[in-house]
Amino acid sequence: MKLIPKGNRVLITGGASGFGKAMALKFAQQGWRIYIADIDVQQAKKTTLELTAQGVEAHWVKCDISQPDDIQTMYDAVMASWQGLDVLINNAGIYSGGTINEVDEATWLKVIDVNLVGTFRCCHKFVPLFQKQKTGRIVNIASLSGILPTPGSIHYAATKAAIVNLSQSLRHELRLYKVGVTVAAPNIFPTGIFSNGMIPNGSIKQSLETVMSYSDVTADSVANSVFNAVMNDEFLVSTDLDTDIGWFLKALDKAYTTSIETLAFIAKSFDKKSQTKRKRKERQ
Ligand SMILES: NC(=O)c1ccc[n+]([C@@H]2O[C@H](COP(=O)([O-])OP(=O)(O)OC[C@H]3O[C@@H](n4cnc5c(N)ncnc54)[C@H](O)[C@@H]3O)[C@@H](O)[C@H]2O)c1
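Residues numbered from 1 in each chain as written. Predicted model: local features only at pLDDT ≥ 70, side-chain atom pairs only at ≥ 80, totals over all residues. Heavy atoms only, no water.

Novice: Can you explain the pairing of strand β4 (residues 87-90)? Please cite residues and give values.
Specialist: On β4, burial covers both faces: V87 and I89 on one face and L88 and N90 on the other are all buried. As paired elements, strand β1 (residues 9-13) and β4 share three bridges and run parallel to each other. In the sheet register, V10 faces β4, and the bridge partner there is V87. Looking at chain direction, β4 and strand β5 (residues 136-141) are connected through four bridges and run parallel. Paired with N90 across the bridge in β5 is N140. At this point the chain moves from β4, through helix α4 (residues 105-133), to the parallel β5, and the crossover so formed is right-handed. (Buried < 20%, exposed > 50% of the residue type's maximum accessible area, 1.4 Å probe, protein only. Helix = DSSP H or I, 4+ residues; strand = E, 2+ residues; numbered from the N terminus. Pairing = 2+ DSSP bridges. Right-handed = clockwise from strand over helix to strand, strands pointing away.)

This is how it looks when you write it as structure tokens:
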């Protein structure tokens with residue numbers, strides 16, 4: 001049975017700008033009501049005004065997803081306006097670059113706290129509501145970095161890989177309650193993520209922005225894919241060819257590792273058997 005949202009209320013963390021804003025506009029075009037939760041109050045107000053000017057019901061709340069009190073404030077605000085929720089999009093995230101030699105523990109912890117623990121905090125807050133409603137969908141925004149190796153940004157990649165696994169595991173936990181989970185793992189597309197990000201070396205920032213400018217996906221096209229995945233109860237959002245290839249390679253990698261491990265196991269058992277035979281012969 002497909003788990004299709006029963007209402008049209010969506011909450012988007014980090015919805016004030018970039019990809020979050022593109023998703024807000026996409027859902028709004030389709031007749032949804034929008035709640036934006038963002039650390040950037042000015043931008044959140046601006047985007048909300050833009051939406052309401054189009055005749056859309058839109059609200060904003062200040063929320064830093066690394067602050068548990070803000071998560072509670074966001075929850076209370078949504079409940080006060082809507083008394084429930086249909087889709088939670090965990091989009092807020094930060095980018096940080098740097099090799100293992102460049103990343104210190106404080107930066108590692110900060111990126112984990114916002115991207116990974118922030119996603120957990122929002123899921124943790126809204127899951128009981130979704131379970132009670134017996135309907136709801138969580139959409140977690142990971143990245144291609146969460147599927148493929150990303151040298152030069154191990155901490156960002158680690159958070160995104162964890163978000164992919166968190167989503168896979170949560171999907172199985174929540175299916176019983178008719179609550180759906182979707183994950184998107186897009187390749188780079190133009191937003192402010194690198195200019196807003198923490199990158200130790202200025203020239204890397206420039207090359208990342210150059211790579212970004214060559215991307216053949218846009219925030220709007222990825223937002224479109226997310227919307228379709230929600231409406232079709234898909235787990236993985238197919239956002240671009242690179243991501244589809246990434247998932248395929250990951251599956252191959254798993255199959256390869258499994259077959260290597262199986263072969264090693266068989267070889268070991270043969271080796272054990274022949275050793276026992278040899279010892280038996282020696283004793284005779
Ligand atoms: N742009 C890309 O190339 C790309 C690719 C793959 C995945 N993503 C993911 O998409 C998501 C959105 O990124 P973006 O490209 O729009 O970046 P962005 O920097 O342009 O926008 C991020 C938004 O999140 C808000 N935000 C940042 N920290 C926050 C916090 N602690 N609490 C609440 N809000 C916070 C910002 O104010 C901003 O509105 C991120 O999770 C990112 O990892 C982006």
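Novice: Give a description of the pattern of salt bridges that names residues and reports values.
Specialist: The full count for this structure, using the stated rule, is seven salt bridges. R33 is the salt-bridge partner of E57, the closest N and O atoms lying 3.8 Å from each other. Residue E57 is located in the loop between α2 (41-53) and β3 (58-62), and its partner R33 is located in strand β2 (residues 33-38); the two are separated by 24 residues in the primary sequence. Judged by relative accessible area, E57 falls into the partly exposed class, the value being 34%. Taking the shortest distance from any N to any O, the salt bridge between D70 and K62 comes out at 3.5 Å. Its relative accessible area of 16% is what places D70 among the buried residues. Overlapping salt bridges bring together R137, R175 and D233 as one network. (Salt bridge = Lys/Arg side-chain N within 4 Å of Asp/Glu carboxyl O.)

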